[in-house]
Amino acid sequence: MIEKIKELADFSKTIKVLYVEDNVDARESTLNMLENLFNDITIAIDGQDGLDKFSEGKFDLIISDINMPNMNGIEMISKWNMKYTIRTKRFANGLINTL
């Protein structure tokens, strides 16, 4: 069991994360936790910034706030689906299944 946990921890270090959060305090405290799990974290400060950064790189995991200025998390995902249908379909379906 411990070996499986070590494998999972090693694997998590290879995951490229996009973290979208507008609240500075929430962003900093969550980032401190995420940095213990992931080595490659890109930060976006709102939905529009998240959309821009998503189009610039390839991410394995997206963690996003819902209520944000400029563009909320739901609108951001909808725009990803319109712009990158094939690439985001699994992500959007996974999000819907977890809600």
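See the structure above.
Given the structure is predicted, the values throughout are model-derived calculations rather than measurements. (Residues numbered from 1 in each chain as written. Predicted model: local features only at pLDDT ≥ 70, side-chain atom pairs only at ≥ 80, totals over all residues. Heavy atoms only, no water.)

Asks: Looking at this structure, I do not really get the nonpolar core. What am I missing?
Replies: Side chains of nonpolar character tend, in soluble globular proteins, to be buried together. Of all hydrophobic cores here, the largest spans 12 residues; its members are Leu 18, Val 20, Ala 44, Leu 51, Phe 54, Phe 59, Ile 62, Met 68, Met 71, Met 76, Ile 77 and Trp 80. Put simply, the parts of the chain that give this core at least two residues each are strand 1 (16–20), helix 3 (47–56) and helix 4 (73–83). Tallying contributions element by element places helix 4 first for this core, with three residues. Ignoring any residue separated from it by four or fewer positions in sequence, one finds Leu 18 in contact with Thr 42, Ala 44, Gly 50, Lys 53, Phe 54, Phe 59, Leu 61, Ile 62, Ile 63 and Trp 80. Grouped together as the second largest cluster of nonpolar side chains are seven residues, Ile 15, Leu 31, Leu 34 and Phe 38 included. (Core = buried A, V, L, I, M, F, W, Y, C linked by side-chain atoms within 4.5 Å. Buried < 20%, exposed > 50% of the residue type's maximum accessible area, 1.4 Å probe, protein only. Helix = DSSP H or I, 4+ residues; strand = E, 2+ residues; numbered from the N terminus. Contact = heavy atoms within 4.5 Å.)

Asks: What's the story with the environment of Asp 52 in this structure? I'm lost.
Replies: The topology assignment puts Asp 52 in helix 3. For Asp 52, a relative accessible area of 36% puts it in the partly exposed group. Sequence separation between Asp 52 and Trp 80 is 28 residues; the distance between their C-alpha atoms is 9.9 Å.

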